[in-house]
Structure formats: structure tokens, C-alpha cells
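Survey of secondary and tertiary structure
Spelled out from the first residue to the last, the chains are:
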Amino acid sequence: MDHRVNACCGVHVAAPSPSLSSSFYLLALGDSRGRITLLLADARAETVKVLEEVEGMGGRPILCLDVVRLGAWRFVLAAGSTAGELGIFEITVPEGGTGEGLEVCLRHKFKPHSMGCNAVSLHTTLGDGGDLTVSTGGDDQALHVSVFKLHALNMALGTVTIPNAMSSAIKALAINRGGKKIYLTGYDQRVVVFTIQRAASAGFANVSNNAESIKLEKVGSTFVSVTDVSDAAVIGLRGGEDVIVVVGDGLEVLTVGGREDNESGEMEMERARTAIRESTHLLVVAGAGMGKDSGLPTFEELGVDGKYKDMCDPLSLVLEERREVFYEFWEKMGADYRDAKPHGGYDALERMAGAFESTYVYTSNVDGHFLRAGGFGGNVCEIHGNAGSWRCASKLGIDEAGGERHGPAWRAWHERARAARASGGPLPVGTRTCPSSGFLTRPNVLMFNDSDPSVLKDIFSAREKYQAWEAAMEDAVCADPSKALVVVEIGCGLAVPSCRHESYEVVRDVAERGGKVSLIRVNFSGKDAGHVDGVDLEVKAAEDCLISLEGGAESLLLSLAGGGGGG
């Protein structure tokens, strides 16, 4: 051709009888003059015949084309232009492919976009009362859908437009084979999914020409690595899965499960697996929700503002009238942690960890399950200690400088403790008297307003080791564009937000230095799954980094591990 071809499409020409095969394909090319060239290709004879040059788009350059087959030699073609207009043509090709007697008729022309109509996708329901769904995307960032009766393409039965359906111009979109989902993508490197719900009457009988006959609902989105996106397609598979192919400066393939109510979750899981595959360093950040599938309670279930808070108050040991309840509580907690078996998610994380250059676990849990799992070596930082051992309590109420806490209860406590203070080591759970000092004991757990050097010594040592790893990891990731960090945050709620804050601080540090980083948030209930906690991240950076997965830790981690390891 003598002019630039901006768009092309093609469709197989069905044989007139199921017993016959057809080697013909109808092709359409849209050029910068605003013309559409129709061709008939014969794959068996290896020939291409020009059928006709079609006008009707006002001379404005053609930006997009799509075609569907209505019968053996009957088709509908849609063309979008730089004026934001869309033309719908009905085409009849003479049987045998001679080209003689070709009929092309512009049935409808309208303006779905205020500027360039960049993408169009068609879907048909054939048979009596069949209809045509037309979906378009434009430079105005809008998504438009219209529905027509096949025997009356000159008037839409229903239309709906979603302004700002994406944060950039829509460059490509595709309706899946079931006609129930639209996938759109553009320069913002996201694939966004909308479901299409149509009027209850299958043939749209007695439906007025308004948006009530069509409902579009955004159900999910995911980030893709392809830049300068130019096109997308959807391939239907068995079991209802959709394969989305996105092309531009590169190519990326996504698989989305077919369940209508789980579209967002499937896309987020695929996005999470991609982040793991493409990362070289792994940071696991775990809160109380990690232990839920092992039968252990979360902070909310323990009652962080009730009994649990009281049992994490050092005064519950200092005050004699509360001491027995304190000991019974922590003895039971220690036994529950000991008897509970780490669920399969721990093994899944161990398998994933083996594929990374380096891995670290940062956890507020005091159950000791990451140490029991054994696959992380010494790279486990238990920021609140470990309830699997106890310590001498003679230094409870002493700060780092040796100062004592004040108050009547504390004065009596210190008078007894001064003579007994020693540097005792770990003691078995339930040992209420320290064999070295003869004084009372306590769980090796950092409580609220706790400054006991016997507990803090190990915690500070573990934190220093973790911080050294973190600094080296960040330097490596930010200095080498081939490296990336993935943070897998599991069961970290807002009741005790220390772990969630750590996740965001690490993500922020790496992102601000130009390193590649992803945050996969595994949250059982989905509550606050996308909450940003006021951390100063740009909106787009937060969207691109954060991947939210709703469900139990065990099942989601097993699914992540099944999707492939890092590096």
C-alpha cells in the first residue's frame, strides 16, 4: 500500500457446509487516508485478492478495526478513527471468493469518544434475535459499550460510557469469548477488567435506548511490564480461563481464571507470582494472621484491648493479686504454641526462599514457628521475642541506663529484685522460680512498656543482624537494575501495626532510591488490605508496588510457591 497501515484484522470464512472445509480469510486494512482495504486470502492457493477500498470515515485516519462473521460469507466490520468516530459496516462476500457482487454497506456511524477511537472489539450472539456488542476505548480514557440487534445495526438498543476507565489513553481492548468481560490496557501499563451485565431479556426485547440495559463493573486490574502498549487479545481456554496477550515494546501473557466472582483475586495472584519470579531478594514480614491456619489466634481474636493487653502489661506480674492469672495465661500460650504444628505455608516459603539470592524473616509472632521450620537458617528476626522460653524477671522494670520504674508497686518489686538480679539464661516454659537467683520468672516476650534487659538483649541483637542484611540488600537492589526485592507480608493487621510499618518503610526506601520492589500483602479477611497507613508513597508507586491477596495464609502461600520461585 502507498499509505501507512494503522490497523488490521481478519476472520476465517466458514464453509457453507460442515462437511466442507474453507481456506478463505477476509482481511481488512485501515490506513492514514481513512480508507479500509478489503482483501480475500486463500491459504490453500496462497493468493491474496483485493476486493475493494471502502470509504465512509470522512477521510480521517483509521486507528482500529475488528470484524466478526455472521454467516458463511456475511460479516460485520467496525472501524474507529482519529475523530473519535466509529463506523459499523455490513459486508457480504460472494461465495467462492470471486469478489464479484461484493456488498459493503455503512449501517451506523456515531462518536463514542471526544478524541481518537484507538481500540474496538466486537462480540456476537447469533441465531434468532441475535445481537452485536461493540466495545471501544479512546484517547479520552473512556470505555464505551453499545449493543445492537443484528437485523437493525442502524440503532443501538443500549449504550453506556465509563469516563476515566483508565488513568491513561486506552490503546487496546478485547471482549472475551463469553462476551461477559472486557480487558483494556494502555500507556499506564495496567490491564483493567470490566464485567458486562445486560438486560434480563435475552434478545433485548422492549428495552429502551439507555444505559440501564447495560451495566459495566470494574472487577480487577494488574500491572504489566510491557511498555508502549499497542494491542491486546483474549484467547478462550477450557474451564473458562482467559489468556490475555498484551503486546507493545515486548509481549506479556496473563492467565485469568473463569469464575466471575474471583476475577480480581486471580489477576492479583498472577501478578504476585510474576513479582516472585522476577525478584532476587525476599523479605517475609509476618504478623499474627500467619499462625491462624495453624490453629493459633490473631491479636483481634485474643482481644488486644482486653485480657491480652492486661497479660502483656508487666504490672500483671508485679502485682501479686494478678500474678496467678498472668502465669496461667502465659503457660497456656507457651503450650499452645508448642503443640501447634506449623502449617504448609511455612514449607511453601522455605521452598520459595531457596530460589532467591537472600531471604530474611521479620515477624512480630512469639510462637517460634519460623525457627521450628528451620529453612531460614539464622535469618529470623523475632521483634517481640519468643514465648517458647522464659527468663529471670529480676530485671523487669529496669531501663537500659539502670534506672528503675517508679510507683508503690514497683518500689516493693525492686526491693525484692535487687538482691536477686543476675544474668540468667533461657528457662523452660512454666518455670516460675529462677534456679540461679531464686526470684520470679517471666516469658521471653516483649510486653507493652517493657524495658527488661534480659529480654531486650536478644531482641536488639536480632534486630541489628536484620538491619545489616536490610542495608546490604537495599544497596544491592538499588545498584543493579537486574535485581529486585519482593516483600511478602502475611497476616499483618492494624491492631499491632509494627510489621506493616516495616514493610512500607522497606518498600519506600527501595523505591525512593530507584530500586525494583513489590509488596505482596496476604490478608485473611481483606480488611485494610490496600490501606497505605499514611506512608509517603506516590499514588502510582503505591498502586504498582502493592499486590493484595485475600484468604488464608496456608492456601495462598502454597499457591504462590506453586507458581514458581524467585530469581
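So, here's what we can say about the structure.

Cut-offs used in this document
Residues numbered from 1 in each chain as written. Predicted model: local features only at pLDDT ≥ 70, side-chain atom pairs only at ≥ 80, totals over all residues. Heavy atoms only, no water. Helix = DSSP H or I, 4+ residues; strand = E, 2+ residues; numbered from the N terminus. Buried < 20%, exposed > 50% of the residue type's maximum accessible area, 1.4 Å probe, protein only. Contact = heavy atoms within 4.5 Å. Areas by Shrake-Rupley, 256 points an atom, 1.4 Å probe, with all protein chains shown as cover. Axes fitted to C-alpha atoms, helices over the stretch in contact; angles between N-to-C directions. Left-handed = near helix turned anticlockwise from the far one by under 90°. Nonpolar A, V, L, I, M, F, W, Y, C, P; charged D, E, K, R; others polar. Pairing = 2+ DSSP bridges. Core = buried A, V, L, I, M, F, W, Y, C linked by side-chain atoms within 4.5 Å. Polar contact = N/O pair within 3.5 Å; in protein donor to acceptor, adjacent residues only side chain to side chain. Parallel < 35°, antiparallel > 145°, perpendicular 65-115°, else oblique. Expected span 1.5 Å × (residues − 1). Lys, Arg positive; Asp, Glu negative; His and termini not counted. Salt bridge = Lys/Arg side-chain N within 4 Å of Asp/Glu carboxyl O. Phe/Tyr/Trp six-rings, centres within 6.5 Å; stacked < 30°, edge-to-face > 60°.

Quick look at the overall build of the protein now. Scanning the protein from N- to C-terminus turns up 12 helices and 26 strands. Residue burial in the protein is summarised as follows: out of 567 residues, 53% are buried. Within the protein, counting contacts between residues at least 6 apart in sequence, those at least 24 apart form 59% of the total. Within the structure as shown, the protein displays about 24400 Å² of accessible surface, and the carbon and sulfur contribution to it stands at 49%.

Taken N-terminus to C-terminus, the directions of helix α9 (residues 453-479) and helix α10 (residues 498-512) make an angle of 35 degrees; their axes are 10 Å apart at the nearest point. At the point where α9 passes α10, the crossing takes the right-handed sense. Along its contact with α9, which presents Tyr466, Glu470, Met473, Glu474, Val477 and Cys478, the element α10 presents Glu502, Val506, Asp509 and Val510. Residues that form the contact of α9 with α10 fall into these classes: 6 nonpolar, no polar and 4 charged.

A few words on the pairing of strand β4 (residues 47-54). With 7 bridges connecting them, strand β3 (residues 36-42) and β4 associate as antiparallel partners. For Leu38, the partnering residue across the bridge sits in β4 and is Glu52. Taken together, β3 and the strand that follows it, β4, pair antiparallel across an intervening segment of 4 residues, in which Glu46 is found at a positive phi of about 55 degrees.

What follows covers the nonpolar core. With 32 residues, the main nonpolar core has Leu317, Phe326, Trp330, Trp413 and Phe439 as its most contacted residues. At the level of secondary structure, the elements contributing two or more residues to this core comprise α3 (307-311), α4 (315-318), α5 (320-339), β22 (385-392) and α8 (408-417). Here the element with the most residues in this core is α5; it accounts for 6 residues. When near neighbours in sequence (up to four residues on either side) are disregarded, Trp413 contacts Leu317, Val318, Arg323, Ala393, Leu396, Phe439 and Leu440. Val380, Ile547, Ala553 and Leu556 belong to the second largest nonpolar core, which has 30 residues in total.

As a further point, take the side chain of His384. With respect to the secondary-structure elements, His384 resides in the loop between β21 (380-382) and β22. Here His384 falls in the buried class, since its relative accessible area comes to 18%. In terms of polar contacts, His384 uses its side chain to reach the backbone carbonyl oxygen of Ser364, at 3.4 Å. Dropping the residues within four chain positions of it, His384 is found in contact with Thr363, Ser364, Val366, Asn444, Val445, Leu446, Ile459, Val496 and Ser498.

The strand order across the open sheet formed by 6 strands is β21-β20-β19-β24-β25-β26, and the pairing between neighbours is parallel. Looking at the sheet topology across the chains shown, the edges are occupied by β21 and β26 (546-550). Across the sheet, the axes of successive neighbouring strands diverge by a mean angle of 15 degrees, strand direction being ignored. Relative to β21, strand β20 (residues 358-363) is paired through 3 bridges, and the arrangement is parallel. Across the sheet, the residue bridging to Thr363 is Glu382, located in β21. Across the face of the sheet, α9 comes into contact with β19 (281-286), β20, β21, β24 (484-490) and β25 (516-523) while running at roughly 135 degrees to β20. In this fold α10 packs onto β19, β20, β24, β25 and β26, with an angle of close to 160 degrees to the strand it touches most, β25.

One can describe the packing of helix α6 (residues 344-353) onto helix α12 (residues 553-562) by two numbers: an axis separation of 8 Å at closest approach and a directional angle of 25 degrees. Considered as vectors, α6 and α12 are oriented roughly parallel to each other. Pair α6 / α12 crosses with left-handed handedness. Residue-level inspection shows Gly344, Gly345, Ala348, Leu349, Arg351 and Met352 of α6 in contact with α12, the latter providing Glu554, Leu557, Leu558, Leu560 and Ala561. Classifying every residue of the contact of α6 with α12 by side-chain character gives 7 nonpolar, 2 polar and 2 charged.

With that out of the way, let us pick up α5. With 20 residues, α5 extends 29 Å between its outermost C-alpha atoms, agreeing within 8% with the 28 Å of an ideal straight helix rising 1.5 Å per residue. Within α5 the residues assigned to the buried category are Arg323, Phe326, Tyr327, Phe329, Trp330, Met333, Gly334 and Tyr337.

Secondary-structure assignment places Arg323 in helix α5. No salt bridge is formed by the buried Arg323. Its closest oppositely charged neighbour is Glu320, at 4.9 Å. Looking at Arg323, its side chain comes within polar contact range of the main-chain oxygen of Val318, at 3.0 Å. With residues up to four places along the chain from it excluded, the contact list for Arg323 reads Ser316, Leu317, Val318, Trp413, Arg416 and Leu440.

The next thing to look at is the pattern of salt bridges. Applying the stated criterion to the full structure yields 21 salt bridges. With its nearest N and O atoms 3.0 Å apart, the salt bridge here joins Arg35 to Glu55. Of this pair, Arg35 sits in the loop between β2 (24-31) and β3 while Glu55 sits in the loop between β4 and β5 (62-69), and the two are 20 residues apart along the sequence. Between Glu85 and Lys109 there is a salt bridge, and its shortest N-O distance comes to 3.6 Å. Remark: Lys109 occurs in strand β8 (residues 103-110) and Glu85 occurs in the loop between β6 (74-81) and β7 (86-92); sequence separation between them is 24 residues. Of the residues examined, Glu85 reaches a relative accessible area of 21% and is grouped as partly exposed. The exposure class assigned to Lys109 is partly exposed, which follows from its relative accessible area of 34%. Where salt bridges share partners, they join Asp31, Arg33, Arg35, Glu53 and Glu55 into one cluster.

Okay, α10 next. The end-to-end C-alpha distance of α10, which contains 15 residues, comes to 21 Å, matching closely the 21 Å that a straight helix rising 1.5 Å per residue would cover. By the burial criterion, the buried members of α10 are Cys499, Arg500, Glu502, Ser503, Tyr504, Val506, Val507 and Val510. One or two positions beyond α10, positive phi appears at Gly514, with a value near 85 degrees.

A few words now on the packing of aromatic side chains. The full count for this structure, using the stated rule, is 12 aromatic pairs. Taking the centre distance of 5.8 Å and the plane angle of 65 degrees together, the rings of Phe370 and Phe376 count as edge-to-face. Note on Phe370: relative accessible area 3%, which makes it buried. Following the ring pairs from residue to residue traces out a cluster consisting of Tyr360, Tyr362, Tyr466 and Trp469.

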